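Coordinate inspection notes
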Amino acid sequence: MKYVVRTEINSILNEKMIPKELLSEVGKHHWENITQKFKQTFIKKPHYTFQVSWYWQFLKNDSYSLHFINDDAYKHLHKLIDENEKIFFMVEENSAKPKFWVYEGNIKMIQKVIEESFAFEYYIFSKKFDWLICENHHGVLSGVGEKVIGKMKLCLYN
């Protein structure tokens, strides 16, 4: 059976009875605009033209990274993001052609979903598109934007 990250996330949302106002999939009429603005804001286009996966390799602006050898970066996300802020959560479907699923919610519910899930790469970003946090399959958490980078640097000491 093929693993589908969207199916897994939706199962977790249902099993944990997470209310839609705390975390839900973005409607089919909005996800494409969000992913386009995400790419325009945070991702530099590589010299080749085919579909890009692993966006964390192509961050446009200055970034700061922390390596979590136990792959538990998600446990620290609430230190970087205000728990009352509504944010976007974008996950990559691992398939031949890259596909991204976009959710909207708060960081506590996103952490719960990540904790319950099989490993996947994810991007968490402000609805104002002024900061980004992403984690790759190497356990590296990267941040873009002054607000997030400042908090990430403080995480080293806490």
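Below is a summary of the structure that appears in this document. Remember, it's a predicted structure, so these values are computed and weren't measured experimentally. (Residues numbered from 1 in each chain as written. Predicted model: local features only at pLDDT ≥ 70, side-chain atom pairs only at ≥ 80, totals over all residues. Heavy atoms only, no water.)

Regarding the environment of Tyr74
- Mapping Tyr74 onto the fold places it in the loop between strand 2 (63–67) and helix 3 (77–80).
- On the basis of relative accessible area, Tyr74 is assigned to the buried category, the value being 13%.
- Residues Tyr74 and Lys108, 34 residues apart in the sequence, show an inter-C-alpha distance of 9.9 Å.
- Once residues within four sequence positions are removed from consideration, Tyr74 is found in contact with Gln111, Ile114, Glu115, Tyr122 and Glu135. (Helix = DSSP H or I, 4+ residues; strand = E, 2+ residues; numbered from the N terminus. Buried < 20%, exposed > 50% of the residue type's maximum accessible area, 1.4 Å probe, protein only. Contact = heavy atoms within 4.5 Å.)

Comments concerning helix 5 (residues 146–155)
- Taken as a whole, helix 5 has its buried residues at Val148, Ile149, Met152 and Cys155. The arc that holds the buried residues of helix 5, viewed along the axis, is 110°, so those residues lie on one side. Exposed and facing more than 90 degrees away from the buried side of helix 5 are Glu146 and Leu154.
- Looking at the buried positions of helix 5, the neighbouring elements they touch are strand 2, helix 3, strand 6 (132–135) and strand 7 (140–144). (Arc of directions from axis to C-beta.)

As for the sheet that holds strand 3 (residues 87–93)
- The strand order across the open sheet built from seven strands is 1-4-3-5-6-7-2, with neighbouring strands paired in antiparallel fashion. Edge positions in the sheet fall to strand 1 (23–25) and strand 2, since each has one partner strand and no second. Here the average twist between neighbouring strands, direction ignored, is 20°.
- Sheet analysis places strand 2 next to strand 7, joined by five bridges and oriented antiparallel. Residue His67 lies in a different strand from strand 7, and its bridge partner there is Val140. (Pairing = 2+ DSSP bridges. Axes fitted to C-alpha atoms, helices over the stretch in contact; angles between N-to-C directions.)

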